[in-house]
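# Per-entry structural report
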Amino acid sequence: MKSIVLSSLSLLPCVLAQTVYLAGDSTMADTGGAATDGWGGYIADSLSIAISNEAIGGRSARSYTREGRFQAIADVLQEGDYVVIEFGHNDGGSLSTDNGRTDCSGSGDETCETVYNGVAETVLTFPKYLENASQLFLDKGAHVLISSQTPNNVWETGVYSYEPNRFVGYAQLAAEVAGVEYVDHGAYVASIYEVLGLDTVNAFYPSDHTHTSPAGAQVVADAFLKAVVCSGVGLSDVLTTTDFDGECL
Ligand SMILES: *[C@@H]1O[C@H](CO)[C@@H](O)[C@H](O)[C@H]1NC(C)=O
């Protein structure tokens, strides 16, 4: 009996050491109490394990890759850790005026050649960057979850409207091709925003139609957690609550 207790105790530090890494852009990044804030840090209170929010403003799947940020997560990842990947806001645009973030158009093996900052670069499609990162993390034994990007203010015109852009579909495709889990975060945010209504949601956007106030970030984080629970993905195993308002989509 004693040895059973001891052996289960010796497993404990292993379990407690698990971490959720977040990879994304400004809509996920911590700003440390600015007027607008990303949603990533706001899931911390609902997790039974540590969080490491590696999201950083202005990044796309491409620039996050080129800057070695996926690699930096892979370098510290332990088997059994979680990685959430959410991009899209900075992945559009045209390579003819390359800002270092735009991906090659398409959803498969297409490549584009560019010169950015004086350096020749072969640019991949959005799904390929996510598939590549997913494989890196899978090779380390991590649980990988691709999440669709947040919507811009769905009440911007005065009438509710949510039309997911192409990176939402591409995120789902990347998850399928990579064989990792997927949540449609954008759809969950939009459905909650629809119920909250114009005045409440407009107040979440103090500076533009993309970046939320801290109160908005909390709602966007809650939408992510609801999507995780409703979709039954692995991350639901490390949540401290699985109670959320409203129906699953
Ligand atoms: C795949 O991902 C790794 C790690 O992020 C990166 O070093 C490598 O350049 C990527 N491959 C391509 C073709 O982008």
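For the structure itself, consult the block above.
By convention here, each chain's residues receive numbers from 1 onward along its written sequence. Reporting in this predicted model follows two pLDDT cut-offs: at least 70 for local features of residues, and 80 or more for side-chain atom pairs to be given and counted; totals over whole chains, interfaces and linings ignore these cut-offs and use all residues. Note that water and hydrogens are dropped before the side-chain values are worked out from all heavy atoms of the structure.

## Description of the sheet that holds strand β7 (residues 181-183)
- Only strands joined by at least two bridges in the DSSP assignment are considered to pair. Secondary structure follows DSSP: runs of H or I at least 4 residues long count as helices, runs of E at least 2 residues long count as strands, and numbering of each begins at the N terminus. Ordered by their spatial adjacency, 5 strands build an open sheet running β2-β1-β3-β6-β7, and the pairing between neighbours is parallel. Both outer strands of the open sheet, β2 (50-53) and β7, are each paired with one neighbouring strand and no more. Each neighbouring strand pair of the sheet contributes to a mean axis angle of 20°, computed without reference to strand direction.
- Examined bridge by bridge, strand β6 (residues 143-147) and β7 share 3 bridges and lie parallel to one another. By the bridge assignment for β7, Leu-145 is matched with Glu-181.
- Contacts are assigned to residue pairs with any non-hydrogen atoms lying within 4.5 Å of each other. In this analysis an axis means a line fitted to C-alpha atoms, helices contributing only their contacting stretch, and an angle means the value between N-to-C directions, from 0 to 180 degrees. Against the sheet, helix α3 (residues 69-76) touches β1 (19-24) and β3 (82-86), its axis set at about 175° to β1.

## Structural notes on the site of the ligand
- One heavy atom suffices: a residue is near a molecule or strand as soon as one of its heavy atoms comes within 4 Å of it. Taken together, Phe-70, Gln-71, Leu-124, Asn-132 and Leu-136 are the residues near the ligand.
- At 2.2 Å, a side-chain N or O of Asn-132 approaches an oxygen atom of the ligand.
- Computed by Shrake-Rupley with a 1.4 Å probe, the accessible areas treat only the displayed protein chains as cover when residues are assessed. Burial of the ligand by the protein amounts to 58% of the accessible area it has alone, namely 360 Å².
- Every element with two or more residues in the shell around the ligand is listed here: α3 and α4 (126-138).
- Residue type decides the class: Asp, Glu, Lys and Arg count as charged, Ala, Val, Leu, Ile, Met, Phe, Trp, Tyr, Cys and Pro as nonpolar, and the leftover types, Gly among them, as polar. Residues that form the shell around the ligand fall into these classes: 3 nonpolar, 2 polar and no charged. Distance and chemistry together define a polar contact, namely a pair of N or O atoms within 3.5 Å, with one atom able to donate a hydrogen and the other to accept it when in protein, and with adjacent residues in sequence counting only for side-chain atoms on both sides.

## Topic: the pattern of salt bridges
- Criterion for a salt bridge: a side-chain nitrogen of Lys or Arg within 4 Å of a carboxyl oxygen of Asp or Glu. Scanning the model with the defined rule gives 7 salt bridges in all.
- Note that Glu-121 and Arg-66 form a salt bridge whose closest N and O atoms lie 3.3 Å from each other. Of this pair, Glu-121 sits in strand β5 (residues 119-124) while Arg-66 sits in helix α2 (residues 61-66); the two residues are 55 residues apart in sequence, bridging distant segments of the chain.
- For the exposure calls, accessible area comes from a 1.4 Å probe over protein chains only, and a residue counts as buried if that area is under 20% of its type's maximum, exposed if over 50%, partly exposed in between. On the basis of relative accessibility, which here comes to 34%, the residue Arg-66 falls in the partly exposed class.
- A salt bridge links Asp-109 to Lys-128; its shortest N-O distance comes to 3.2 Å. Of this pair, Asp-109 sits in the loop between β3 and β4 (111-116) while Lys-128 is found in helix α4, placing the two residues 19 residues apart along the sequence.
- A relative accessible area of 24% means that Lys-128 is categorised as partly exposed.
- Salt bridges sharing partners connect three or more residues here, namely Arg-62, Arg-66, Asp-98 and Glu-121.

## Remarks on the layout of surface pockets
- Any residue with an atom within 4 Å of a point lines the site, the site being either a cavity, points on a 1 Å grid over the protein atoms alone where a 1.4 Å probe fits but cannot get out, or a pocket, an open set with protein on both sides within 12 Å along at least 5 of 7 lines. Grid points are joined across faces, edges and corners, and a volume is the space filled by probe spheres set on the points. Approximately 230 Å³ is the volume attributed to the largest pocket.
- In the lining of the largest pocket, the residues fall into 6 nonpolar, 8 polar and 2 charged.

## Side note on helix α5 (residues 166-178)
- In this scheme, a helix's expected span is set at 1.5 Å multiplied by one less than its residue total. Counted at 1.5 Å a residue, the expected span for α5 with its 13 residues is 18 Å, and the 18 Å between its end C-alpha atoms agrees.
- For α5, every residue scored as buried is listed here: Phe-167, Val-168, Tyr-170, Ala-171, Ala-174, Ala-175 and Ala-178. Taken end-on, α5 shows its buried residues confined to a sector of 165°, consistent with a single buried face. With respect to the buried face of α5, the exposed residues turned more than 90 degrees away are Glu-176 and Val-177. Note that the arc is computed from the directions linking the helix axis to the C-beta atoms.

## Comments concerning helix α8 (residues 214-231)
- Taking 1.5 Å per residue as the helical rise, α8 with its 18 residues ought to reach 26 Å, and the 25 Å between its terminal C-alpha atoms agrees with that figure.
- All buried positions along α8 are accounted for by Gly-216, Ala-217, Val-219, Val-220, Ala-221, Ala-223, Phe-224, Leu-225, Lys-226, Ala-227 and Val-228.
- In this structure, the buried residues of α8 make contact with β3, β6, β7 and α6 (185-196).

## A few points about the packing of aromatic side chains
- Each aromatic pair joins two rings of Phe, Tyr and Trp (for Trp, the six-membered one) with centres within 6.5 Å, and gets the label stacked for planes under 30 degrees apart, edge-to-face for over 60, and tilted for any other angle. All told, the structure shown has 11 aromatic pairs when counted by the stated rule.
- An angle of 65° between the planes, with centres 4.7 Å apart, marks the rings of Tyr-64 and Phe-70 as edge-to-face.
- Between Tyr-193 and Tyr-205, the aromatic rings sit 6.2 Å apart at their centres with planes inclined by 80°, giving edge-to-face as the arrangement. Of the two residues, Tyr-193 is situated in helix α6 and Tyr-205 in the loop between α7 (198-203) and α8; the sequence distance between them amounts to 12 residues. Note on accessibility: Tyr-193 and Tyr-205 belong to one class, buried.
- Sitting over a ring, as applied to charges here, requires NZ of Lys or CZ of Arg to be within 6 Å of the ring centre and within 35 degrees of the ring normal. The ring centre of Tyr-116 lies 5.9 Å from the NZ or CZ of Arg-62, which sits over that ring.

## Here's the deal with the pairing of β1
- Where burial is concerned, most of β1 is hidden: 6 out of the 6 residues are buried.
- Of the two faces of β1, the one holding Thr-19, Tyr-21 and Ala-23 and the one holding Val-20, Leu-22 and Gly-24 are both buried throughout.
- Sheet topology note: the β1/β2 ladder contains 4 bridges and is parallel. What sits directly across from Tyr-21, in β2, is Ser-52.
- Pairing of β1 with β3 involves 5 bridges; the strand directions are parallel.

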